[in-house]
Amino acid sequence: MVQPQQILPPPQVSAAAAGDAGQILSKRRLQELVREIDPNEQLDDDVEEVLLQIADDFIESIVTQSCLLAKHRNSSVMEVKDVKLNLERNWNMWIPGFGSDDLRPFKKSAMTEAHKQRMALLKKNMKKY
């Protein structure tokens, strides 16, 4: 069983001082990912920097918001359900194997009688033209 970890604030490291050590995704790993997609593709240095910054910002955002969700639950531990909820609600992302893979049934909204009457009136008026 996996033990939950304590919530720690993200380290505050300047981008210039961090280099590859402060980044989650390294330049080498980014290049490997690009080669997996297209072996002939090469990224400019500026593009690599931008992609690495976007990845770091995304991860920092996910961790920060997930910590806030854990705090809202009155917990001092960030759990998978906090990250899962954050990804689903804020980023519209469902990751297979991440938490529960429940089928989310599509719920058709119930039509009220007043709505049915309005729709019938519209259809009636449309037939006149």
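Residues numbered from 1 in each chain as written. Predicted model: local features only at pLDDT ≥ 70, side-chain atom pairs only at ≥ 80, totals over all residues. Heavy atoms only, no water.

A. View of the packing of aromatic side chains. The full count for this structure, using the stated rule, is one aromatic pair. Measuring from ring centre to ring centre gives 4.9 Å for Phe58 and Trp91, while their planes differ by 80°; the resulting arrangement is edge-to-face. On the criterion of sequence distance, the pair formed by Phe58 in helix 3 (residues 45–72) and Trp91 in helix 4 (residues 80–91) is long-range, its members being 33 residues apart. Judged by relative accessible area, which is 28%, Phe58 ranks as partly exposed. (Phe/Tyr/Trp six-rings, centres within 6.5 Å; stacked < 30°, edge-to-face > 60°. Helix = DSSP H or I, 4+ residues; strand = E, 2+ residues; numbered from the N terminus. Buried < 20%, exposed > 50% of the residue type's maximum accessible area, 1.4 Å probe, protein only.)

B. Representation of the environment of Ala70. In this structure, Ala70 sits in helix 3. For the pair formed by Ala70 and Lys81, sequence separation is 11 residues and the distance between their alpha carbons is 9.0 Å.

C. Here's a closer look at the packing of helix 2 (residues 27–37) against helix 3. Across the interface, helix 2 lies against helix 3 with an axial gap of 11 Å and an inter-helix angle of 100°. As far as their axial angle goes, helix 3 and helix 2 are roughly perpendicular. Together, Lys27, Leu30 and Gln31 of helix 2 and Glu48, Glu49, Leu51 and Leu52 of helix 3 make up the contact between the two elements. For the contact of helix 2 with helix 3, the class distribution of residues is three nonpolar, one polar and three charged. (Axes fitted to C-alpha atoms, helices over the stretch in contact; angles between N-to-C directions. Parallel < 35°, antiparallel > 145°, perpendicular 65-115°, else oblique. Contact = heavy atoms within 4.5 Å. Nonpolar A, V, L, I, M, F, W, Y, C, P; charged D, E, K, R; others polar.)

D. Focus on the packing of helix 3 against helix 4. The interhelical angle for the contact between helix 3 and helix 4, taken along N-to-C directions, is 115°, at an axis separation of 9 Å. Two packed elements cross with a definite hand, and for helix 3 against helix 4 that hand is right-handed. Of the residues in helix 4, those in contact with Phe58, Ser61, Ile62, Gln65, Ser66, Leu69 and Ala70 of helix 3 are Asp82, Val83, Leu85, Asn86, Leu87, Asn90 and Trp91. (Left-handed = near helix turned anticlockwise from the far one by under 90°.)

E. Quick look at the pattern of salt bridges. Under the definition given, this model contains seven salt bridges. The salt bridge partner of Asp82 is Arg73, with a shortest N-O separation of 2.8 Å. Of the charged contacts in the structure, one is a salt bridge between Glu88 and Lys84, with a shortest N-O distance of 3.0 Å. Of this pair, Glu88 and Lys84 both sit in helix 4, four residues apart, which is roughly one turn of that helix. Across this residue pair, the class does not change: Glu88 and Lys84 are buried. A network of salt bridges, in which partner residues are shared, links Arg28, Arg29, Glu32 and Glu36. (Salt bridge = Lys/Arg side-chain N within 4 Å of Asp/Glu carboxyl O.)

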